[in-house]
Amino acid sequence: MRKEIRSLGGEIRFGAKVTSLGYPENGTVKKVRVEYSDVIERGLGKEETERINRMARERVEIGSEDIGHSARDVYKMLHKEKIPLKPKPFAVGFRIEHPQSLINSLQYKEYSDQVVTGKKGTDLANGSKDIVEGVLPVASYRLATDLGYDGKINRPVYSFCMCPGGQIVPASTSEEETVVNGMSFSKRDSEFANSAVVVGVGEEGDEVLEEYWEKWGVLGGMYFQEDIERKSRELGGSNFTVPVQRLPNFLNSTLSPTLPKSSYRLPKKSSPLHTVYPPQITNSLKHAITEIFERQIPGYLDESALLHGVETRTSSPIRIPRDKETYLVEGFENFYVAGEGAGYAGGIVSASCDGIGVAEKVCANMGAEGFEGFGLGGKGVKENY
Ligand SMILES: Cc1cc2nc3c(=O)[nH]c(=O)nc-3n(C[C@H](O)[C@H](O)[C@H](O)COP(=O)(O)OP(=O)(O)OC[C@H]3O[C@@H](n4cnc5c(N)ncnc54)[C@H](O)[C@@H]3O)c2cc1C
């Protein structure tokens, strides 16, 4: 892809950090300040890499922004520069992990011995290294309800980014915060099944965020996420030690005296995760798990299920409003935003589709013909992520 871009006259600039947009005037961003750190690009050789690094430092250009959902310094910078921002709903909760063999048996019942993991045709998730004749993929699940009762109102509660045969990984962006995420290797052959289990927050008037919006305005949701991640760090401690609690203990608000195995490779600490979130979030989770999810997959609420704290970055708490037709940031003539951080995606595929859609709009707005149709041109990309 890089070769193709370069052959068409484009440049790839690694190690380039946007630190300021200058002061936007009359709907035009006049300059972009970029700080460079030297990078070695694989396969280019030292001389070519040095030439590109030199060139990158000499030229600064206005571009589009695609900043992910964890770039909090970027939100602060955009807010300071008076770029329009809007709060948007997002979701927070935990990463839950079960033994994969349990999920296989809950989902496939008597056929669970037909599961094949890995490329060798073995059934590692069920603890077997023998070649099996099975035909079923490692089991996954999806749980969702709009009826997670928080004591006053119903909130959406759902599983997200389920990783069969996967691993829980640290996703913190600072030493002061503890955040986790999940992934599977292509073989999906670990002994564990993990998934985010999260509660919707941040709809207009949500009392959970009231004091944050009052104090921080549009950035309130971001500071709420940050507070939760700091609490998680306080409970776990240093070195990305993750606070954990067995699911039944979370539901009874008691500490777990013993812990089951977990795929998280760094230290774990038994902690009162039921104290991390405001009661509305904790109540909704408890209600959805006991009253709804356990009915949807009987056995989900198992002693071996372990909650890991915290999963807060399922999508961005902020959106940068853009014109529906041109995709330009509202009020600007030359400024585009795309992807998750801009508030128009949640996940790899939707972020990529949004990126293609924005690129097509940039071409169309510049009068270039023949570029529409490769991506979605904005169609199909949900307004709400
Ligand atoms: C461990 C893990 C597992 C995941 N697994 C999945 C999965 O299985 N499926 C799925 O759909 N999603 C998954 N996700 C989420 C997925 O990675 C994101 O939804 C997706 O990457 C968002 O794409 P994006 O292009 O909007 O942002 P990003 O991929 O975050 O890209 C933003 C880029 O902007 C750069 N940037 C930030 N600030 C600046 C700045 N000031 N100047 C210049 N550049 C800057 C960043 O370095 C980054 O390269 C996972 C995330 C994690 C952390």
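Right, let's walk through the structure included here. The numbers attached to residues start from 1 for each chain and follow its sequence in the written order. Local features in this predicted model are restricted to residues whose pLDDT is 70 or higher, and side-chain atom pairs enter the listing and the counts only when it is 80 or higher, whereas totals over whole chains, interfaces and linings include all residues. Only hydrogens and water are removed before side-chain values are computed, so all heavy atoms of the structure are retained for them.

Quick word on the overall build of the chain
Quick note on the threshold: Put simply, DSSP marks the helices as runs of H or I at least four residues long and the strands as runs of E at least two long, and each gets a number from the N terminus on. Summary of the burial criterion: residues with accessible area below 20% of their type's maximum are buried, those above 50% are exposed, and those between are partly exposed, where the area comes from a 1.4 Å probe applied to protein chains only. Whether two residues are in contact is decided by their heavy atoms, any of which lying within 4.5 Å being enough. The Shrake-Rupley method, run with a 1.4 Å probe sphere, supplies the accessible areas, and residue values consider only the shown protein chains as cover.
Counting its secondary structure elements, the chain contains nine helices and 15 strands. Looking at the chain as a whole, 47% of its 385 residues qualify as buried. In the chain, of all internal contacts separated by at least 6 residues, the share reaching a separation of at least 24 is 69%. When the accessible surface of the chain is summed, it comes to about 19600 Å², and 52% of that surface belongs to carbon and sulfur atoms.

Description of the nonpolar core
The line we're drawing: Working definition of a nonpolar core: buried Ala, Val, Leu, Ile, Met, Phe, Trp, Tyr and Cys residues. They are joined through side-chain atoms within 4.5 Å.
Formed by 65 residues in total, the largest nonpolar core has its most connected members in L78, F224, L247, Y277, F293, Y300 and F335. When residues in this core are grouped by element, the largest group, six residues, is from helix α8 (residues 279-296). Beyond its immediate stretch of four places on either side in the chain, L247 contacts I96, I289, Y300, L301, D302, A305 and L307. Counting residues in hydrophobic clusters, the runner-up holds six residues, among them V242, V244, Y264 and L306.

Concerning the pairing of strand β2 (residues 33-36)
Here is the rule we go by: At least two bridges found by DSSP between two strands are what make those strands a pair.
Covered by surrounding structure in β2 are V34 and Y36 only, the residues R33 and E35 on the alternate face being uncovered. For strand β1 (residues 16-20) and β2, the ladder comprises four bridges, and the chain directions are antiparallel. Residue S20 lies in a different strand from β2, and its bridge partner there is R33.

A look at the packing of aromatic side chains
Quick reminder of the rule: Any Phe, Tyr or Trp ring, taking Trp's six-membered ring, that has another such ring centre within 6.5 Å forms a pair; planes under 30 degrees apart are called stacked, those over 60 apart edge-to-face, and the others tilted.
Following the criterion strictly, the structure yields seven aromatic pairs and no others. Their ring planes at 80 degrees and their centres at 5.4 Å tell us that Y212 and F224 sit as a pair that is edge-to-face. Separated by 12 residues along the polypeptide, Y212 in helix α5 (residues 210-216) and F224 in helix α6 (residues 220-236) bring together distant segments of the chain. Exposure class is identical for Y212 and F224. Each is buried.

As for empty space enclosed by the protein
Where we set the bar: Buried and open spaces are told apart on a 1 Å grid over the protein atoms alone, a cavity being a set of points where a 1.4 Å probe fits but cannot get out and a pocket being an open set with protein on both sides within 12 Å along at least five of seven lines. Residues with an atom within 4 Å of a point are the lining residues. Grid points are joined across faces, edges and corners, and a volume is the space filled by probe spheres set on the points. Charged residues are taken to be Asp, Glu, Lys and Arg, nonpolar residues to be Ala, Val, Leu, Ile, Met, Phe, Trp, Tyr, Cys and Pro, and polar residues to be all remaining types, Gly included.
Per the counting criterion, the structure on display carries two cavities of 30 Å³ or more. Taken as a whole, the second largest cavity holds about 30 Å³ of empty space. Considering the residues around the second largest cavity, the lining is formed by E175, E177, T178, R233, S238, N239 and F240. By residue class, the composition of the lining of the second largest cavity is one nonpolar, three polar and three charged.

Let's talk about the sheet that holds strand β4 (residues 90-99)
Selection rule: Between the N-to-C directions of two axes lies an angle of 0 to 180 degrees, each axis being a line fitted to C-alpha atoms and, for a helix, fitted only over the stretch in contact.
Read across the sheet, seven strands follow the order β7-β8-β11-β4-β14-β12-β13 without closing on themselves; strand pairing throughout is mixed. Both outer strands of the open sheet, β7 (144-149) and β13 (268-270), are each paired with one neighbouring strand and no more. Taking the axes of each pair of neighbouring strands and ignoring which way they run, one obtains an average angle of 35 degrees across the sheet. The sheet contact formed by β4 and strand β11 (residues 192-201) spans 10 bridges and is antiparallel. Looking at β11, one finds that P99 is bridged to F192. Each of β4 and β11 touches helix α4 (residues 100-108); the most contacted strand, β4, lies at about 95 degrees to it.

Some points on the side chain of S284
Inclusion rule: For this analysis, a polar contact is any N or O atom pair within 3.5 Å, provided that within protein one partner can donate a hydrogen and the other can accept it, and provided that sequence-adjacent residues contribute only side-chain to side-chain pairs.
Structurally, the position occupied by S284 is in helix α8. Engagement of the side chain of S284 in a polar contact is seen with the backbone oxygen of G148, the distance being 3.5 Å. At a separation of 2.6 Å, a polar atom in the side chain of S284 contacts the main-chain carbonyl oxygen of Q280. When near neighbours in sequence (up to four residues on either side) are disregarded, S284 contacts G148, Y149, D150, R155, V157 and V199.

Brief notes about the pattern of salt bridges
The criterion, for reference: Throughout this description, the term salt bridge denotes a Lys or Arg side-chain nitrogen within 4 Å of a carboxyl oxygen of Asp or Glu.
Taken as a whole, this structure holds 15 salt bridges when the rule is applied. A salt bridge links E191 to K261; the shortest N-O distance between them is 3.2 Å. Taken as a pair, E191 in the loop between β10 (180-184) and β11 and K261 in the loop between α7 (247-252) and β13 lie far apart in primary sequence, 70 residues in all. Overall, the relative accessible area of 40% leaves E191 in the partly exposed class. Here the salt bridges do not stand alone but share partners, grouping R72, E177, E226, E229, R230 and R313 into one network.

Examining the packing of helix α3 (residues 72-80) against α6
The description of two helices packed together rests on the angle between their axes and the distance between the axes. Let me state the cut-off plainly: Any angle between 65 and 115 degrees counts as roughly perpendicular, while under 35 counts as roughly parallel, over 145 as roughly antiparallel, and the rest as oblique. What makes a crossing left-handed is the near helix being turned counterclockwise from the far one by less than a right angle; a clockwise turn instead makes it right-handed.
Where α3 meets α6, the axes come as close as 11 Å, and the angle between the chain directions of the two elements is 150 degrees. Viewed along their axes, α3 and α6 adopt a mutual orientation that is roughly antiparallel. The hand of the α3/α6 crossing is left-handed. Along its contact with α3, which presents R72, Y75 and K76, the element α6 presents M222, Y223, Q225, E226 and E229.

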